[in-house]
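# Architecture and fold: a report
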Amino acid sequence: MNNQLNISFIGGGNMAAVLISGLAGKVTEAANLHVVDLNPDALQNLQQRFGVSSASEIDAAIGRSEVIVLAVKPQQMKEVVAKLRPHVTNQLVLSIAAGIRATDLARWLGGYSAIVRCMPNTPALIGQGITGMFASAGVSARQRETADVILRAVGSTAWLDDESKIDAVTALSGSGPAYVFYFIEAMQQAAQELGLTPQQGIELAKATFVGAAQLASQSAEPVSLLRERVTSKGGTTYAALSSMEASGVKASIIDAIKAAAERGRQLGDEFGCD
């Protein structure tokens, strides 16, 4: 990948900052990164941290970019894209907004279809993210490779052949870190109620999650088998899992993820209409 790749970010929030941290000085020079945001504090922070250029509104620098990353909230996207439209010629457009469909972006851009829709997640903060990605028909092989390089700067990628599956990715891995944190919180609370200190509870819970995730990641065996190996019939783990099954924990988790996917679809309907 050419380290002179010019990339513009529309939106300078948390995920834009994460991507910039993975790109600057690695995939491309910081001087080749341009950020547009209405928040002067956000722009100043990014300038000081990474040395990017910035502007408070969409400007001519966008037209010189090879890649445009749309990093604004779903409810802001239509208005932003309307301002962006005159500056889009042959750039690759990456969208990291939940719910907003590539077909709607293409329509707002006057039929322009070199668009890759992406759904990263917050472990990208430490280079351990995973991004679900879908390329529209107008994306060339080289542009697809460019999109992959950009998102791999903060973790791994998973390409989809159907855009509708992005809602499932959003629900699973996009929102997924919050589910993990929620479970860790519950483990910490249980530890305290069992007499451990808050510090002991959080250390044990976090180390258990990290270790179990690494074991699942590095093992070629199904996670169901890994679970069975820890679960001796009549033992402590068996008692815990039996309680969870009786309480419908697994079914509730599945229902929750389906609810998140449905909300993603609703966002597309709500903010993707004309």
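All of the points below concern the structure found in this document. (Residues numbered from 1 in each chain as written. Predicted model: local features only at pLDDT ≥ 70, side-chain atom pairs only at ≥ 80, totals over all residues. Heavy atoms only, no water.)

The next subject is the overall build of the protein. Each helix and strand counted, the protein has 12 helices and 8 strands in total. Each of the three principal axes of the protein carries a C-alpha extent, and together these read 70 × 40 × 35 Å. Relative to all contacts within the protein whose residues are 6 or more apart in sequence, the contacts with residues 24 or more apart total 61%. With an accessible surface of roughly 14600 Å², the protein has 56% of that area assigned to carbon and sulfur atoms. (Helix = DSSP H or I, 4+ residues; strand = E, 2+ residues; numbered from the N terminus. Contact = heavy atoms within 4.5 Å. Areas by Shrake-Rupley, 256 points an atom, 1.4 Å probe, with all protein chains shown as cover.)

Where burial is concerned, the two faces of strand E5 (residues 92–95) agree: the one with Leu 92 and Leu 94 and the one with Val 93 and Ser 95 are both buried. For strand E4 (residues 67–70) and E5, the ladder comprises 4 bridges, and the chain directions are parallel. Paired with Leu 70 across the two strands is Ser 95, which belongs to E5. Regarding the hand of the β-α-β motif, the stretch spanning E4, helix H4 (residues 74–84) and E5 is right-handed. In terms of strand pairing, E5 meets strand E6 (residues 115–119) through 3 bridges, oriented parallel. Paired with Leu 94 across the strands is Val 116, a residue of E6. Running through helix H5 (residues 102–108), the crossover from E5 to the neighbouring parallel element E6 is right-handed. (Buried < 20%, exposed > 50% of the residue type's maximum accessible area, 1.4 Å probe, protein only. Pairing = 2+ DSSP bridges. Right-handed = clockwise from strand over helix to strand, strands pointing away.)

Before going further, it helps to spend a moment on helix H9 (residues 198–218). Here H9 spans 30 Å end to end across 21 residues, near enough to the 30 Å set by a 1.5 Å rise per residue. Buried within H9 we find Gly 201, Ile 202 and Ala 205. Burial along H9 is one-sided: seen end-on, the buried residues are contained in an arc of 95 degrees. When the buried face of H9 is taken as reference, the exposed residues oriented beyond 90 degrees from it are Ala 207, Val 210, Leu 215 and Gln 218. (Expected span 1.5 Å × (residues − 1). Arc of directions from axis to C-beta.)

Another point: the environment of Gln 200. Mapped onto the secondary structure, Gln 200 falls in helix H9. Residue Gln 200 is classed as partly exposed on the basis of its relative accessible area of 37%. A distance of 2.9 Å separates a polar atom in the side chain of Gln 200 from the backbone nitrogen of Thr 197. (Polar contact = N/O pair within 3.5 Å; in protein donor to acceptor, adjacent residues only side chain to side chain.)

Counting 34 residues, the largest nonpolar core has Ile 7, Phe 9, Leu 94 and Val 116 as the members making the most contacts within it. With 6 residues, the top contributor of residues to this core is helix H1 (residues 14–23). Excluding residues that lie within four positions of it along the chain, Leu 94 makes contacts with Val 67, Ile 68, Val 69, Leu 70, Val 116, Cys 118, Ala 147, Ile 150 and Leu 151. Residues Val 36, Ile 58, Ile 68 and Ile 100 belong to the second largest nonpolar core, which totals 23 residues. (Core = buried A, V, L, I, M, F, W, Y, C linked by side-chain atoms within 4.5 Å.)

Attention now goes to the side chain of Gln 143. With respect to the element layout, Gln 143 can be found in helix H6 (residues 141–152). For Gln 143, a relative accessible area of 16% translates into the label buried. Setting aside residues up to four positions removed in sequence, Gln 143 forms contacts with Asn 90, Gln 91, Leu 92, Ala 114 and Gly 138.

Within the fold, Gln 44 resides in helix H2 (residues 40–50). Gln 44 gets classed as partly exposed once you look at its relative accessible area, which sits at 40%. Linking Gln 44 and Ser 54, residues 10 residues apart in sequence, is a C-alpha distance of 8.5 Å.

Let us look at the sheet that holds strand E2 (residues 33–36). With respect to topology, 8 strands assemble into an open sheet ordered E3-E2-E1-E4-E5-E6-E7-E8, the strand pairing being mixed. The outermost strands of the open sheet, each flanked by one partner alone, are strand E3 (53–55) and strand E8 (155–159). Across the sheet, the axes of successive neighbouring strands diverge by a mean angle of 25 degrees, strand direction being ignored. Pairing of strand E1 (residues 7–10) with E2, which is carried by 4 bridges, proceeds in the parallel orientation. Each residue of the ladder has a partner; that of Ser 8, found in E2, is His 34. The strands touched by H6 within the sheet are E1, E4, E5, E6, strand E7 (129–135) and E8, with E8 carrying the most contacts at an inclination of about 145 degrees. (Axes fitted to C-alpha atoms, helices over the stretch in contact; angles between N-to-C directions.)

What follows is about the packing of helix H7 (residues 166–174) against helix H8 (residues 176–193). Interhelical geometry of H7 versus H8 gives an angle of 30 degrees and a closest axis separation of 5 Å. Judged on the interaxial angle alone, H8 and H7 are roughly parallel. Across the interface between the two elements, Ala 171, Leu 172, Ser 173 and Gly 174 from H7 touch Gly 176, Pro 177 and Tyr 179 from H8. Considering only residue class, the contact of H7 with H8 consists of 4 nonpolar, 3 polar and no charged. (Parallel < 35°, antiparallel > 145°, perpendicular 65-115°, else oblique. Nonpolar A, V, L, I, M, F, W, Y, C, P; charged D, E, K, R; others polar.)

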